[in-house]
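Spelled out, the chains give:
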Amino acid sequence: MIAKKGYGRAFLQRGTSKIFDQLEMKVPFPKGQEVPQKLAKGGKATPAWQRKEGKSQSGGLNRKGIASYRAANPGSKLSMAVTTKPSKLKKGSKAANRRKSFCARMSGMKKRLTSAKTARDPNSRINKSLRKWNC
């Protein structure tokens, strides 16, 4: 099921995963909005942040992934990872606090919500992101 250029489903539904479900409805896209190129099995478009091209090889999302996440979730404040070494960050700064919060949250997820195999795997997404954030 492929949409014709300039037509698609009703505009993005805020906060849901039903972004482009009804490609058959002939509702014009708003200006600047393109017809989704990648379609999942059910004919639904998957945003870049859920696909390989939106993810960084070193862990987390790249710029394209962050941009697609913001487009899919209006009002989102998602920003790039704090990759600065902790010794170079000023104590109590916004970046230092973001890093500290992220590390605490993701370390807890690694302990409780992943399998032992994933936790040990240096190439798992969670371990890559923890390394990237210098946790």
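Provided above is the structure to which this section pertains.
Now for a description of the structure that goes with this document. Because the structure is a prediction, the values reported are computed rather than measured.

Reading the values: the criteria
Residues numbered from 1 in each chain as written. Predicted model: local features only at pLDDT ≥ 70, side-chain atom pairs only at ≥ 80, totals over all residues. Heavy atoms only, no water. Phe/Tyr/Trp six-rings, centres within 6.5 Å; stacked < 30°, edge-to-face > 60°. Helix = DSSP H or I, 4+ residues; strand = E, 2+ residues; numbered from the N terminus. Buried < 20%, exposed > 50% of the residue type's maximum accessible area, 1.4 Å probe, protein only. Core = buried A, V, L, I, M, F, W, Y, C linked by side-chain atoms within 4.5 Å. Contact = heavy atoms within 4.5 Å.

### Topic: the packing of aromatic side chains
Thought 1: In total, this model carries 2 aromatic pairs according to the counting rule given.
Thought 2: Judged by centre distance (4.9 Å) and plane angle (80°), the ring pair of Trp49 and Tyr69 falls under edge-to-face. Here Tyr69 lies in helix H1 (residues 63-72) and Trp49 lies in the loop between strand E2 (27-28) and H1, a separation of 20 residues in the sequence.
Thought 3: Taking the relative accessible area as the measure of exposure, Trp49 reaches 24% and is therefore partly exposed.
Thought 4: Under the relative-accessibility criterion, Tyr69 is labelled partly exposed at 25%.
Thought 5: Their ring planes at 15° and their centres at 4.0 Å tell us that Phe102 and Trp133 sit as a pair that is stacked.

### As for the nonpolar core
Thought 1: Formed by Val82, Leu89, Ala96, Phe102, Cys103, Met106, Ile126, Leu130 and Trp133, the largest nonpolar core amounts to 9 residues.
Thought 2: Elements supplying a minimum of two residues to this core: helix H2 (94-113) and helix H4 (125-132).
Thought 3: The greatest single-element share of this core, amounting to 4 residues, is contributed by H2.
Thought 4: Excluding its chain neighbours within four sequence positions, the residues that come into contact with Val82 are Leu89, Ala95, Arg98, Arg99, Lys132 and Trp133.

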